[in-house]
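Okay, here's what each chain looks like letter by letter:
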Amino acid sequence: MFCFTEKLKGENFYIHYDNIFYGSLAGLYPSLNIPSFSGSMQNVYIDHTDIFDELKQHSGGHWPIFIHTKNEYNNYHFRPVTFVTRDVYADLAPLHASQRMHLTFNFKTAQDNGILLFTRGGGKQFIAVQLIDGQLYVKFHNGVRQSAPHLVPSPRLSDDQWHSFVLRERTRGEQRQFEVSVDTLAPIVINLGTSPLVLSGRLYIGAVSASEYLDSFVREALQSSQGFIGCMSSVELNGHTPELVKYASNPDHIMAGCRGTCLSFQLCRTFIDVHT
């Protein structure tokens, strides 16, 4: 590994570049004999722009990084965890402020219903991501109007296979939009209007606290009253990648790694096998 460190003196210092290469110099400098990178990268920003995200948006659907098999895909899960019971959740600090919201995670479950993510702000503002009857729904309130639950079209997601969720905020002039997708399927676009979502409340993953659910506003916002049972991985919230086990409401019921098949009863099968 090569590491170069240099101090740039003074302010208003500009760096001009023609090309930036990530991952490989194959074919460019063959005499250097530098092996190409194999692995995963994320959170690569230049001037507050997510470079990989922008490349994907402008690639015309031809994104030149592929993972060819399901086994290879599973190897790229970052910080996987298992939610063992329906009442356990990760209780995180408010969503980190960003010019454009960008939320991603992977999930795997055999359950038809469950709260994946919920956070709220001042007034009636909130965003909720839920599984309902095996389908994924996104719902929000921007302080001006509340959206109906938006179905993200896909095959049934409660198939005990890994699926990916991506929510990106876009701007079209003064209009704000959410672009939401599951796996590699075409995204849906949700119009937010001109008012930004300011989400200053705790961010819950997997369920919400009992005290939070006592609020009639929260019960109205959530179609599902059930917590999520299953696995999650590669959680990224506006560039932050929290280690969910550190924020568990019950450390015994959010376990590191994806463990076993999560069936229709209260606990994941592997957890029962180990603890009984």
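None of the values given here were measured: they were computed from a predicted structure.

Let's shift gears to the state of the cysteines. In this structure the tally under the stated criterion is one disulfide. Each disulfide pairs two cysteine sulfurs, and for cysteine 231 the partner residue is cysteine 258, the sulfurs being separated by 2.0 Å. Judged by the torsion about the S-S bond (85°), the cysteine 231/cysteine 258 disulfide is right-handed. Here cysteine 231 is found in strand β14 (residues 230-237), whereas its partner cysteine 258 is found in the loop between β15 (254-256) and α5 (269-275), with 27 residues between them in sequence. Judged by relative accessible area, which is 30%, cysteine 258 ranks as partly exposed.

What follows concerns unusual backbone geometry. Backbone geometry at serine 234 places phi at a positive 50°, although glycine is not the residue there. The phi dihedral of asparagine 238 is positive, around 50°, even though this residue is not glycine. You can see asparagine 238 is positioned in the loop between β14 and β15. Residue asparagine 238 is classed as buried on the basis of its relative accessible area of 10%.

This part is about the pairing of strand β12 (residues 188-193). The sheet contact formed by strand β11 (residues 175-182) and β12 spans five bridges and is antiparallel. From the neighbouring strand, glutamate 179 faces β12, where its bridge partner is valine 189. In this structure, the hairpin formed by β11 and β12 is closed by a connection of five residues, where aspartate 183 is found at a positive phi of approximately 55°.

What follows concerns the packing of aromatic side chains. On inspection of all chains with the given rule, the structure shows seven aromatic pairs. Pairing phenylalanine 83 with phenylalanine 228 gives two aromatic rings, centres 5.8 Å apart and planes at 75°, and the pair type is edge-to-face. In this pair, phenylalanine 83 sits in strand β3 (residues 81-83) while phenylalanine 228 sits in the loop between α4 (216-221) and β14, placing the two residues 145 residues apart along the sequence. Residue classification places phenylalanine 83 among the buried residues on the basis of a relative accessible area of 0%.

Let's shift gears to the pattern of salt bridges. Scanning all chains against the criterion turns up seven salt bridges. The closest approach of N and O atoms between arginine 120 and glutamate 212, which form a salt bridge, is 2.9 Å. Taken together, the positions of arginine 120 in strand β6 (residues 114-120) and glutamate 212 in helix α3 (residues 210-213) put the pair 92 residues apart, joining distant regions of the chain. Grouping residues by exposure puts arginine 120 and glutamate 212 together as buried. Connected through salt bridges with shared partners, the residues Arg120, Glu212 and Asp215 form a single ionic network.

Criteria and thresholds
- Residues numbered from 1 in each chain as written.
- Predicted model: local features only at pLDDT ≥ 70, side-chain atom pairs only at ≥ 80, totals over all residues.
- Heavy atoms only, no water.
- Disulfide = S-S within 2.5 Å.
- Helix = DSSP H or I, 4+ residues; strand = E, 2+ residues; numbered from the N terminus.
- Buried < 20%, exposed > 50% of the residue type's maximum accessible area, 1.4 Å probe, protein only.
- Pairing = 2+ DSSP bridges.
- Phe/Tyr/Trp six-rings, centres within 6.5 Å; stacked < 30°, edge-to-face > 60°.
- Salt bridge = Lys/Arg side-chain N within 4 Å of Asp/Glu carboxyl O.

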